[in-house]
Amino acid sequence: MRNEALALILLVLASAPYALQLTVYEPVATTVTDGGTVDLGVVGPGQTAYVIVESDIKEGGIQGMGGRIDQLVFTSTPRGWETTPSELYGVPMKAIIKVPADASDGEYWFTLKAVDEGNKEQLGETSFKARLVVNKDVLKMDVWPDSASTGAGQPAGYYVRISNTGVASDVFEISSEGVPDWHYTQLVFVPKGSSKVVRYEVVGNEEQEYEVKIKVRAPFSSELLKAERKVFLDINTNLLSDLQATGHGLLLFPIIEQPAYSIMGLISNLFFR
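Position labels on residues start from 1 in each chain and follow its written sequence. Side-chain atom pairs in this predicted model are given and counted only at pLDDT of 80 or more, local residue features only at pLDDT of at least 70, and totals for whole chains, interfaces and linings cover all residues. Based on all heavy atoms of the structure, the side-chain values leave hydrogens and waters out of the count.

Here we look at the overall build of the protein chain
Next up, step 1: In this description a helix means any DSSP run of H or I spanning at least four residues, a strand means any run of E spanning at least two, and both kinds are numbered starting from the N terminus. Tallying secondary structure elements over the protein chain gives 3 helices and 19 strands in all.
Next up, step 2: Among the 273 residues that make up the protein chain, the fraction classed as buried is 41%.
Next up, step 3: Contacts were defined at the residue level, with two residues in contact if any of their heavy atoms lie within 4.5 Å. Nonlocal contacts in the protein chain, meaning residues at least 24 apart in sequence, comprise 65% of its contacts between residues at least 6 apart.
Next up, step 4: Accessible surface is estimated by sampling points in the Shrake-Rupley manner with a 1.4 Å probe; for residues, cover comes only from the protein chains shown. Put simply, the protein chain shows about 15,200 Å² of open surface, and 54% of that area lies on carbon and sulfur atoms. Remark: exposure states derive from per-residue accessible area (1.4 Å probe, protein chains only) relative to the maximum for the residue type, with buried under 20%, exposed over 50%, and partly exposed in between.

Set out below in structure tokens:
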């Protein structure tokens, strides 16, 4: 009887479902088992994030030899969110989350399930919960210098640092207001969790001091993702300002004269600072 009971216990254990461990690559690197939770980080309103999970399983399935999960699907999502399951048999599995453009800052939960189609490899289904925080402060910006001086019709250069602290890459637009008839915009791609510094130019045609707002927004995601900084631009046409302006780039001079004006700009920077 004792041997028969032991054999029965071993049979039950052998037939019990194996707790698969899934490897999550993005937006965070971690592992999760059935019934577990994953913290996916912070994302901005309107941004698109990806949940990428390894499809190959090393243990479990037929004779514990592992196998391959076929698809990652969403089983519950916050109202208004757009989600797309991974492609069937995709390697690795890549599911997509699109946050509503008007999403309020806060904590959101949804549920995903990794599926072995038809349970052909006896891997079953592994469900887990995922947490994503929405915060419009994923966009941060800095601008320098605080003020610049140049001649009429000459570009003044400002450096703009755009920081994208979230887990979703995005395209940002730099623009400005405060200088009449200047409507230049510049698009910048900033990968997730990184910063990029670009030069942005402003041109004024009247001799005066302008208060300029340099603005950054995410035009393809949400109007809630925006930031601005105030700088000053002094248009004052004289020999020194003309010489210094040549060092910032030329809008009107013929290309053939570029070397001469480059030398003039160098002289102004060396001797008139």
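There's plenty left to go through after this.
Points about the environment of Val160
Next up, step 1: Tracing the chain through its elements places Val160 in strand S14 (residues 155-164).
Next up, step 2: By relative accessible area, Val160 is classed as buried at 0%.
Next up, step 3: For the pair Val160 and Lys196, spaced 36 residues apart in the sequence, the C-alpha separation amounts to 8.1 Å.
Next up, step 4: When near neighbours in sequence (up to four residues on either side) are disregarded, Val160 contacts Met141, Asp142, Val143, Ile174, Lys196, Val197, Val198, Tyr200, Ile214 and Val216.

Notes on unusual backbone geometry
Next up, step 1: With an omega of -10 degrees, the peptide bond between Val91 and Pro92 qualifies as cis.
Next up, step 2: Note on placement: Pro92 falls in the loop between strand S8 (82-84) and strand S9 (93-98).
Next up, step 3: A cis amide bond links Trp144 with the next residue in sequence, Pro145, at an omega value of 0 degrees.
Next up, step 4: Here Pro145 shows up in the loop between strand S12 (139-144) and strand S13 (147-150).
Next up, step 5: For Asn119, which is not glycine, the phi dihedral falls at a positive 50 degrees.

A look at the confidence of the model for the protein chain
When pLDDT is low, close inspection of the predicted coordinates is not appropriate.
Next up, step 1: On a range of 0 to 100, pLDDT expresses the predictor's confidence in each residue. Scored by pLDDT, the protein chain has a mean of 85; 77% of the residues are at 70 or more.
Next up, step 2: Within the model, pLDDT remains below 50 along residues 5-17, and this stretch shows 0 contacts once partners closer than five positions in the same chain are excluded.

Considering the pattern of salt bridges
Next up, step 1: Within this document, salt bridges are pairs made up of a side-chain nitrogen of Lys or Arg and a carboxyl oxygen of Asp or Glu, the two lying within 4 Å of each other. Applying the stated criterion to the full structure yields 12 salt bridges.
Next up, step 2: With a closest N to O distance of 3.0 Å, Glu26 and Lys192 form a salt bridge. Of this pair, Glu26 sits in strand S1 (residues 21-26) while Lys192 sits in the loop between strand S16 (186-190) and strand S17 (194-203), and the two are 166 residues apart along the sequence.
Next up, step 3: According to the relative accessible area criterion, Lys192 is partly exposed, its value standing at 30%.
Next up, step 4: Put simply, Asp39, Glu107 and Arg131 are held in one network by salt bridges that share partners.

Overview of a nonpolar patch on the surface
Next up, step 1: Patches were defined on residues exceeding 30% relative accessible area and lacking a salt bridge, with like-charge contacts within 9 Å and nonpolar side-chain contacts (Val, Leu, Ile, Met, Phe, Trp, Tyr) within 5 Å. Side chains of Trp144, Tyr159 and Val197 sit close together on the surface and give an oily, nonpolar patch of about 260 Å² of accessible area.
Next up, step 2: For Trp144, a relative accessible area of 34% translates into the label partly exposed.

Observations concerning the pairing of strand S15 (residues 170-177)
Next up, step 1: S15 sits mainly inside the fold: 6 of its 8 residues count as buried.
Next up, step 2: Where S15 meets S16, 5 bridges bridge the pair, whose relative direction is antiparallel. Its bridge partner being in S16, Asp170 is matched across the sheet by Val190.
Next up, step 3: For two strands to be treated as a pair, DSSP must find at least two bridges joining them. Note: S15 against strand S18 (residues 209-218), 5 bridges, orientation antiparallel. Following the sheet pairing, Ser175 is matched in S18 by Lys215.

Things to note about the sheet that holds strand S4 (residues 48-53)
Next up, step 1: Read from one edge of the open sheet, 5 strands run S2-S1-S4-S9-S8, paired in antiparallel fashion. Of all the strands in the sheet, just strand S2 (30-33) and S8 have a single pairing partner and so form its edges. For this sheet, the mean angle separating the axes of adjacent strands, direction not counted, is 25 degrees.
Next up, step 2: Here 4 bridges tie S1 to S2, and the two strands are oriented antiparallel to one another. Note on S2: the bridge partner recorded for Gln21 is Thr33. Where helices are involved, their axes are fitted lines through C-alpha atoms of the stretch in contact, as for all axes, and angles between N-to-C directions lie from 0 to 180°.

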